[in-house]
Each structure stands twice: as C-alpha cells, then as structure tokens.
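Architecture at a glance
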Number of protein chains: 2
Amino acid sequence: MDSATAATLDALIRGQRVAALGTLRGGAPNVSLVAYLAAPDFARIHVRISRLAWHTQDLQRDPEASLLIAETDDGRTDAQTLARVTLRGRAVRMDVDDAACEALQRQWLARFPASVVTFELADFAFWSIAVRDARFVAGLGRTHNLSATDLAVAARQFRD
Amino acid sequence: MDSATAATLDALIRGQRVAALGTLRGGAPNVSLVAYLAAPDFARIHVRISRLAWHTQDLQRDPEASLLIAETDDGRTDAQTLARVTLRGRAVRMDVDDAACEALQRQWLARFPASVVTFELADFAFWSIAVRDARFVAGLGRTHNLSATDLAVAARQFRD
C-alpha cells in the first residue's frame, strides 16, 4: 500500500463516524448501523451499544463482528469508486471500571455529544472490537487485504 | 406504521443507491458495499456482483443475506437519529436468459450508467434477494419490525 492509499484509508476511518456492523443472528448475517470510534492505531474499534439491541444480543452469543466503513455517497457517476474498508475481529464488552473507559468516554462525548444520555442508562456499554484483519477497497479494482499490522502502519503515518 | 413513517421508509429505499451487504464467510459475518436496485414493491433487492468478489463466493455457499440501507450521514448532532433499514432474505443468482433481466438491465443502466462495462464481463451477474423481513429504525427509539407484506404496503402507498 503506497502512502497515498494509506492516507485515503486513514482519512476514511477517522473521517466517518457511523459504520455497518455485521453480526451473526440465528446462523445468518445481520447488519445494523452503529456509531464508532477507532483507537489511534486502528487496533480496536469502539462502539457504545445497548444490551436491548439485536446486535448486542448477537455479540453476546458470538463475538465475531465485521464493520464496514464507507465513504459518503456524493452522487458521483460511478458508485463503485467509493472508498470502503471492512474490518473484522472479535468484540468484547468493556467493563465500566476499566481504566481505558474513562478516557474513551471523554473522546466519545467529544465526538457524539448527543450520546450523553447513554451514560445515565444501565443498558449501554462500550464494546471493543479487536481488529484481526481488513479488506480495503480504495476504488474499483484497487483492493488491499490488510493485517492489523498494516493498519497500524497506515495509522501511524498520518497520526498527529 | 403511520403514513409519515412509511414515506420515510419509501424515500430511504428508493433514494439511496448503495447498501451494506452482510454475508456469511467461514462462519462469521462479512460486510461489503454494493450498489442496489429495489423492485417497486420492495419484495426483491437486486445487486450486480462479480463471481470473483468475496460476497458472491459467500452467497454461493450460503444464500442468507442482510442488507443495510442507511440515510446519508449529514453531520447532524445525533448520529443515532439517522434513518436506516435492514432487509433480510435469500439471494439467488438470476439467469441471464431470465426475461426479467432485460427490463432490469435497462433500469440498472439508467441508475448506474458507469456499470455498462459489467455487461461485457462474463463474471458479473444479477442476484436477486427475496426479502423475508425488515427492521426499520426511523430514528432513536422508533424501531419497526416489518414483514414483506408491510414493506409492500409502504411501497404501494407512495409509488407513482
């Protein structure tokens, strides 16, 4: 992956804030919308979800998750040129006493101020998806299979 | 579902052109981006995919598919209020000699003119997802579980 491609990937993961989360439900895939926040090295993707939601029930039964982050459709002629990345890994519920949760809560509220109400509701929790691999489509015919290490390199190149 | 909610659903499915497709890959969910075209009654969702693509290989092994269509993120304060619908059903590859394919090809090219090249490539085909049920989130806390019949009613109300 050259540095321009890595920059596109970095901008995509950091620039978007909602993703399509794939979970396993009754043996079949189920896709739902979630807000997310990526760790600076893209090793983990954080979501804040309610145990009342289908996707949370799914992850409690089977932690395998797939997350699609796609460039916003700007109405261009060729929709296939939209950049997108699929991140795959296992999701674990974070303990509210986890020291990492405090910093995460600050970052989360800075990005999603309207979610403040979820911090007063007992059914919401942070879940962390440990990214195992990724498939990045930078555009038509420009597909890259990436390891977690590849992702970290792309993230490191463009971190502040 | 009241008529305003049905109108939102109708506008969402007809207004968007890309969706997140969930398939089963090695027993885990996998989500990828696809262009789609809905049948007028929302009973089927059509996609045009290459047998070289992961999602096509997945559907050949297991036809269960989940498709998330989401409102474009316009940067509003609360991302959770974005409307989205998850459609679930089984995907089948359409035969190129299927009479339905001719009309579909015209509609597809009208919506996706840049895809004309895929009609010269032998690895691309239309697949039809027969929608079994749907889960429509019209906004925070406004979730509707819908049957295929419910979808058809919503579609019929606002068809030209």
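Scroll up a little and you will see the structure.
Position labels on residues start from 1 in each chain and follow its written sequence. Chain labels run from A onward and ligand labels from 1 onward, assigned in the order the entries are written. A pLDDT threshold of at least 70 governs which residues receive local features in this predicted model, and a stricter bar of 80 or more applies before side-chain atom pairs are shown or counted, although totals over entire chains, interfaces and linings include all residues. The side-chain numbers reported here are obtained from all heavy atoms of the structure, hydrogens and water having been left aside.

Things to note about the interface of chain A and chain B
Only heavy atoms matter for contacts: two residues are in contact if any of them lie within 4.5 Å across the pair. Counting from both sides, the interface comprises 38 residues of chain A and, opposite them, 38 residues of chain B. Buried surface at the junction of chain A and chain B, both sides included, amounts to about 3,200 Å², of which 62% is carbon and sulfur. Whenever Lys or Arg places a side-chain nitrogen within 4 Å of a carboxyl oxygen from Asp or Glu, that contact is recorded as a salt bridge. For the pair chain A and chain B, the number of links is 2 salt bridges. Any pair of N or O atoms that falls within 3.5 Å is considered a polar contact. Within protein, one atom must be able to donate a hydrogen and the other to accept it, and sequence-neighbouring residues count only if both atoms are side-chain atoms. The tally of links from chain A across to chain B stands at 8 residue pairs in polar contact (both at pLDDT 80 or more). Simply put, the buried area is the total loss of 1.4 Å probe accessible area from both parts when two parts are fitted together.

Regarding the side chain of T86(B)
In DSSP terms, a helix is any run of H or I states spanning at least four residues, a strand is any run of E spanning at least two, and both are numbered starting from the N terminus. Structurally, the position occupied by T86(B) is in strand β5 (residues 84–93). On the accessibility criterion, T86(B) (7% relative accessible area) is buried. There is a polar contact of 2.6 Å between the side chain of T86(B) and the backbone oxygen of V31(A). Other than its neighbours up to four places away in sequence, T86(B) contacts N30(A), V31(A), S32(A), S66(B), L67(B), L68(B), D133(B), A134(B) and R135(B). Per-residue accessibility, obtained with a 1.4 Å probe over protein chains only, is compared with the maximum for each type, and a residue is labelled buried under 20%, exposed over 50%, and partly exposed between these values.

So, the nonpolar core
Residues and elements named next belong to chain A. What we call a nonpolar core is a set of buried Ala, Val, Leu, Ile, Met, Phe, Trp, Tyr and Cys residues that are connected through their side-chain atoms within 4.5 Å. Grouped together as the largest cluster of nonpolar side chains are 32 residues, with contacts concentrated most on V85, L87 and L151. Looking at this core, the elements with two or more residues in it are α1 (3–15), β1 (18–25), β2 (28–38), β3 (44–50), β4 (64–70), β5 (84–93), β6 (124–137) and α4 (148–158). The element contributing the most residues to this core is β6, with 6 residues. With sequence-adjacent residues up to four places away left out, V85 is seen in contact with L9, L12, I13, L67, L68, I69, A134, R135 and F136.

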